[in-house]
Amino acid sequence: MDFTFTEEQQAAAEAAQGVFAGVAPDAVPSPALTRGAVAETYDHALWARLADADLLSLLLDAEYGGAGLDAIALCLVLRESARVLARVPLLESSAAAAAVQAYGGDEAKAALLARAGRGETVLTVAAHGRTGHDPAELAVTARREDGDWVLDGVQTAVPWAYDADVTVVPAHTGTGRSVLALVPRGQQGVVLAEQFSTSGERLAELRLESARLAARDVIDADGAWDWLRDLLATGTCALALGLGERVLRMTGEYTSKREQFGFPLATFQAVAVQAADRYIDLRAMEATLWQAAWRIASGAPGALPAAGDVAVAKIWAAEGVRRVVQTAQHLHGGFGADVDYPLHRYHAWAKHLELSLGPAAAHEETLGDLLATHPLA
């Protein structure tokens, strides 16, 4: 087996490294010192650089100006973005555009994809549901009425909702099927209320009150939401991995310089053992991430559906990134809580990623259900 990345995937990662090289993780006020959001909007200058580097169109086909790459390439770029806490809707917009391309109608593709690839149209996804634990599609109902779709319900913690031109909202029908509604900014019957992440970013509660959409703005293809949810969860794992790797490197650099009793902290066995445990966590996070991304990209069959590999990856990502930042805080001592040092920002982002799209417990339940439905031989 060949586990190396392709030249195209490596090129995407290298391009991302170049774009993110100058990004400072403390470019906005500290969430610990800020009431409300740390900034009104995402980093527009960085978004423009990502567009210029063709990193917003990785998953799009050539006819829409894209590179035609896969989930693995996207995860490589997301991994780099998390190392600097890049404040852009890269995951949400890329994943939503890929879902429209894979399952949407011709009108939706023509209206959204090329512009999304150029960064002119921003997409996001309301994937959190009411609690983050229950399936997101159950939070909104969709019914047919006079040829249109009418949506009612509430989605919480929607990222970049105030900035997005279109929000993709999963909903369930009376027949038990799931659909994806492409809700434009300013849609009648849609109300946003501010919420704030632990990272200090502005989220939104999205309330749909008999919001009416034309049939062309609703994707009702089988499997569309399942595929989008798996891609979002896998991308979240890539973000957690990149963040965790950066935090462990920061910890190594600090403990190598900080001395106690005349010796660097890194030379103490207790410190080295804790750091080694977190390194093992990161390698497990990495292995399960690439397994999940490969299943999505290749469509290869397995003992379980791809959702099983995604669940395993998200369990490791949620638990692993939490352990990494907690150990980092411990080994940094009081310095880790200093708001002039960026570690506390990584800790806040890690908590957000741990709970995004459901905590580990929710994915353990999903994995248990899959194992019950598809018993292993």
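In what follows, the structure referred to is the one given above.
Residues numbered from 1 in each chain as written. Predicted model: local features only at pLDDT ≥ 70, side-chain atom pairs only at ≥ 80, totals over all residues. Heavy atoms only, no water.

Participant: Before we move on, can you summarise the overall build of the chain with the specific residues and values?
Facilitator: Helix and strand counts for the chain come out as 10 helices and 10 strands. The globule rule puts the C-alpha radius of gyration for 377 residues at 21 Å, and the 21 Å found for the chain is close to it. With 377 residues in all, the chain has 53% of them scored as buried. Taking the intrachain contacts of the chain between residues at least 6 apart in sequence as the baseline, contacts between residues at least 24 apart amount to 74%. (Helix = DSSP H or I, 4+ residues; strand = E, 2+ residues; numbered from the N terminus. Rg over C-alpha atoms; globule rule 2.2 N^0.38 Å. Buried < 20%, exposed > 50% of the residue type's maximum accessible area, 1.4 Å probe, protein only. Contact = heavy atoms within 4.5 Å.)

Participant: Explain the side chain of T236 to me, and be specific about the residues and the numbers.
Facilitator: On the secondary structure map, T236 appears in helix α6 (residues 224-257). Residues in contact with T236, not counting those within four places in the same chain, are L91, K314, L353, S356 and L357.

Participant: Any chance you could break down the packing of α6 against helix α9 (residues 343-355) for me, citing the residues and the numbers?
Facilitator: The interhelical angle for the contact between α6 and α9, taken along N-to-C directions, is 155 degrees, at an axis separation of 10 Å. With respect to α9, the axis of α6 lies roughly antiparallel. Crossing handedness for the pair α6 and α9: left-handed. Counted together, T236, L239, A240, L243, R246, V247 and M250 of α6 and L343, Y346, W349, A350 and L353 of α9 form the full contact between these two elements. (Axes fitted to C-alpha atoms, helices over the stretch in contact; angles between N-to-C directions. Parallel < 35°, antiparallel > 145°, perpendicular 65-115°, else oblique. Left-handed = near helix turned anticlockwise from the far one by under 90°.)

Participant: Tell me about a negative patch on the surface, residues and numbers included.
Facilitator: Together, D134, E364, E365 and D369 make up a region of like negative charge exposed at the surface. Considering the arrangement of structural elements, one finds E364 in helix α10 (residues 360-373). Of the residues examined, E364 reaches a relative accessible area of 44% and is grouped as partly exposed. (Patch = residues over 30% accessible without salt bridge, like charges linked within 9 Å, V, L, I, M, F, W, Y side chains within 5 Å. Areas by Shrake-Rupley, 256 points an atom, 1.4 Å probe, with all protein chains shown as cover. Salt bridge = Lys/Arg side-chain N within 4 Å of Asp/Glu carboxyl O. Lys, Arg positive; Asp, Glu negative; His and termini not counted. Charge placed at Lys NZ, Arg CZ, Asp CG, Glu CD.)

Participant: Residue-level account of unusual backbone geometry, with values.
Facilitator: In this structure, L85 takes a positive phi of about 55 degrees despite not being glycine. With respect to the helices, strands and loops of the structure, L85 is situated in the loop between α3 (71-83) and α4 (90-103). For L85, a relative accessible area of 4% gives the class buried. One non-glycine residue, A157, lies in the positive phi region at around 50 degrees. Relative to the elements of secondary structure, A157 occurs in strand β3 (residues 148-159). A157 gets classed as partly exposed once you look at its relative accessible area, which sits at 22%.

Participant: So what's going on with the pattern of salt bridges? Which residues, and what values?
Facilitator: Enumeration over the complete set of coordinates arrives at 26 salt bridges. One salt bridge in this structure joins R118 and E120, with 2.9 Å as the shortest N-O distance. By relative accessible area, which is 46% here, R118 ends up partly exposed. Looking at E120, the relative accessible area reads 38%, which means it is partly exposed. Among the ionic pairs, D309 bridges to R295, the shortest N-O distance being 2.4 Å. Placement of D309 in helix α8 (residues 306-332) and of R295 in helix α7 (residues 269-298) is noted, with a sequence separation of 14 residues between them. In this structure R295 comes out as buried when scored by relative accessible area, which is 8%. Linked through salt bridges whose partners overlap, the residues forming this network are R79, E80, R83, E245, R283 and E286.

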